[in-house]
Amino acid sequence: MTGRRKIIVLPDAEALALAAAERLIARIDRDSKPVAVCLTGGSTPIRLYQLLGGIFRSRIPWPRVHWFMGDERFVPQSNPLSNMGAARRIFLHDCAPPKNIHAIDTDTKTPDIAAIAYEQELRIFQKSRDKQPLFDLVLMGAGPDGHTASLFPNSSAIDEEEKWVVGVANANVEPFVPRVSLTLPALESTHEILFMACGGDKRDILNRIFNDERLPAARAHAIAGETVWLVDEAAAPPSLHR
Ligand code: 6PG
């Protein structure tokens with residue numbers, strides 16, 4: 001445990017995806033109420049999504065789980081770059097009731113308009129949550145520059161305090177398409193944030209994040225519970241190696 005975050009080191013990417021699936025299911029099993037899970041984009045969660053639609057499928061009470069997305073690339077959902085498009089293809093399409101899939105609508109004219117519409121959807125959903133935080137579990141990743149969701153270092157979006165969703169005109173890293181991103185007030189409104197990071201190319205940035213440099217991924221903490229980092233051995237900075 002370093003400060004407010006718990007770091008768990010797993011042997012490899014497969015063990016990490018299995019651990020993430022088990023945590024997600026444990027979170028769902030805490031009670032029998034509707035559950036809100038905020039998914040993440042990027043390549044790291046893909047194995048987790050395959051497991052959820054595969055060997056874990058029968059352990060998920062699909063009718064009571066709602067799926068959101070923490071950030072989206074401003075492309076049609078049929079585009080391979082779309083985060084919700086990927087999650088749908090890998091598992092949601094086959095497993096989740098369509099009304100439980102809360103995608104960011106990227107058919108709007110601009111990312112700002114998409115952000116306003118998604119924020120409205122989140123606020124309506126939050127009202128049904130009976131004073132609970134917005135989400136039960138928020139999955140997140142960390143980029144090579146320390147971004148998380150589409151909150152990039154040195155962008156105004158990372159300091160947003162009022163809006164829950166914003167349009168992001170420029171991405172710091174590939175793919176260089178405009179984005180729509182939840183902000184810290186929305187992402188942190190959860191019982192648990194679960195970061196996932198794998199591979200040696202993440203080691204340097206994780207070292208900086210775990211030393212609490214003022215990077216977006218270092219700043220996200222669940223307000224109503226735990227912030228957990230699952231990292232594989234290749235990504236773990238030397239201080240975490242036994
Ligand atoms: C996105 C993301 C982004 C991602 C990190 C890590 O849409 O790109 O949501 O924040 O989680 O960049 O991505 P990888 O898992 O591909 O390393």
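Presented here is an overview of the structure given in this document.

The rules behind the values
- Residues numbered from 1 in each chain as written.
- Predicted model: local features only at pLDDT ≥ 70, side-chain atom pairs only at ≥ 80, totals over all residues.
- Heavy atoms only, no water.
- Near = heavy atom within 4 Å.
- Polar contact = N/O pair within 3.5 Å; in protein donor to acceptor, adjacent residues only side chain to side chain.
- Areas by Shrake-Rupley, 256 points an atom, 1.4 Å probe, with all protein chains shown as cover.
- Salt bridge = Lys/Arg side-chain N within 4 Å of Asp/Glu carboxyl O.
- Helix = DSSP H or I, 4+ residues; strand = E, 2+ residues; numbered from the N terminus.
- Buried < 20%, exposed > 50% of the residue type's maximum accessible area, 1.4 Å probe, protein only.
- Pairing = 2+ DSSP bridges.
- Axes fitted to C-alpha atoms, helices over the stretch in contact; angles between N-to-C directions.
- Expected span 1.5 Å × (residues − 1).
- Bend = angle between axes of the 7 residues up to and from the residue.
- Contact = heavy atoms within 4.5 Å.
- Parallel < 35°, antiparallel > 145°, perpendicular 65-115°, else oblique.
- Left-handed = near helix turned anticlockwise from the far one by under 90°.
- Nonpolar A, V, L, I, M, F, W, Y, C, P; charged D, E, K, R; others polar.
- Core = buried A, V, L, I, M, F, W, Y, C linked by side-chain atoms within 4.5 Å.

Concerning the site of the ligand
Step number 1: In the vicinity of the ligand, 16 residues are found, and the nearest of them are S43, T44, D71, A149 and K202.
Step number 2: A distance of 2.8 Å separates an oxygen atom of the ligand from a polar side-chain atom of H147.
Step number 3: In isolation the ligand has 420 Å² of accessible area, and contact with the protein removes 88% of it.

Quick word on the pattern of salt bridges
Step number 1: Per the counting criterion, the structure on display carries 12 salt bridges.
Step number 2: Notably, a salt bridge pairs D212 with R5, separated by 2.9 Å at the nearest N-O pair. Residue D212 is located in the loop between α6 (203–210) and α7 (216–219), and its partner R5 is located in strand β1 (residues 5–10); the two are separated by 207 residues in the primary sequence.
Step number 3: For R5, a relative accessible area of 1% gives the class buried.
Step number 4: Connected via shared salt-bridge partners are R23, R27, E192 and E226.

A word on the sheet that holds strand β6 (residues 165–168)
Step number 1: With respect to topology, three strands assemble into an open sheet ordered β4-β7-β6, the strand pairing being antiparallel. In this open sheet, the two edge strands, each paired with only one partner strand, are β4 (71–73) and β6. Ignoring which end each strand starts from, the neighbouring axes of this sheet average 15 degrees apart.
Step number 2: Summarising the sheet, β6 and strand β7 (residues 179–182) pair through four bridges and their orientation is antiparallel. Paired with V165 across the strands is L182, a residue of β7.

Things to note about helix α3 (residues 83–95)
Side chains of residues three or four places apart in an α-helix project in the same direction, reflecting 3.6 residues per turn.
Step number 1: With 13 residues, α3 extends 17 Å between its outermost C-alpha atoms, agreeing within 8% with the 18 Å of an ideal straight helix rising 1.5 Å per residue.
Step number 2: Taken as a whole, α3 carries its principal kink of about 60 degrees at R89.
Step number 3: Residues of α3 that are buried include every one of N83, M84, G85, A86, A87, F91, L92 and C95, and no others.
Step number 4: Lining the buried residues of α3 we find β2 (35–39), α2 (46–53), β3 (65–69) and β4.
Step number 5: Of the residues flanking the start of α3, the one acting as N-cap is S82, its side-chain oxygen 2.9 Å from the backbone nitrogen of G85.

A word on the pairing of strand β8 (residues 190–197)
Step number 1: In terms of burial, β8 is largely enclosed, as eight of its eight residues are buried.
Step number 2: Looking at chain direction, strand β5 (residues 135–140) and β8 are connected through five bridges and run parallel. Across the sheet, the residue bridging to M140 is F195, located in β8.
Step number 3: Bridging between β8 and strand β9 (residues 226–232) involves six bridges; their strand directions are parallel. Counterpart to L194 in the pairing with β9 is V228.

A short note on the packing of α2 against α3
Step number 1: Taken N-terminus to C-terminus, the directions of α2 and α3 make an angle of 20 degrees; their axes are 9 Å apart at the nearest point. With respect to α3, the element α2 is oriented roughly parallel. In this structure, α2 crosses over α3, and the sense of that crossing is left-handed. Between α2 and α3, the residues in contact are I46, Y49, Q50, L52 and G53 and A87, I90, F91 and C95, respectively.
Step number 2: Considered class by class, the residues forming the contact of α2 with α3 number seven nonpolar, two polar and no charged.

Some points on the nonpolar core
Step number 1: L122, F135, L182, I209 and W229 are the most contacted members of the largest nonpolar core, which has 48 residues in total.
Step number 2: At five residues, helix α4 (residues 111–127) tops the list of elements feeding residues into this core.
Step number 3: When neighbours within four sequence positions are excluded, W229 is seen to be in contact with R5, K6, I7, I8, A142, F195, L206, I209, F210 and A217.
Step number 4: Core analysis: the second largest hydrophobic core is formed by 37 residues, L51, F56, A103 and M196 among them.

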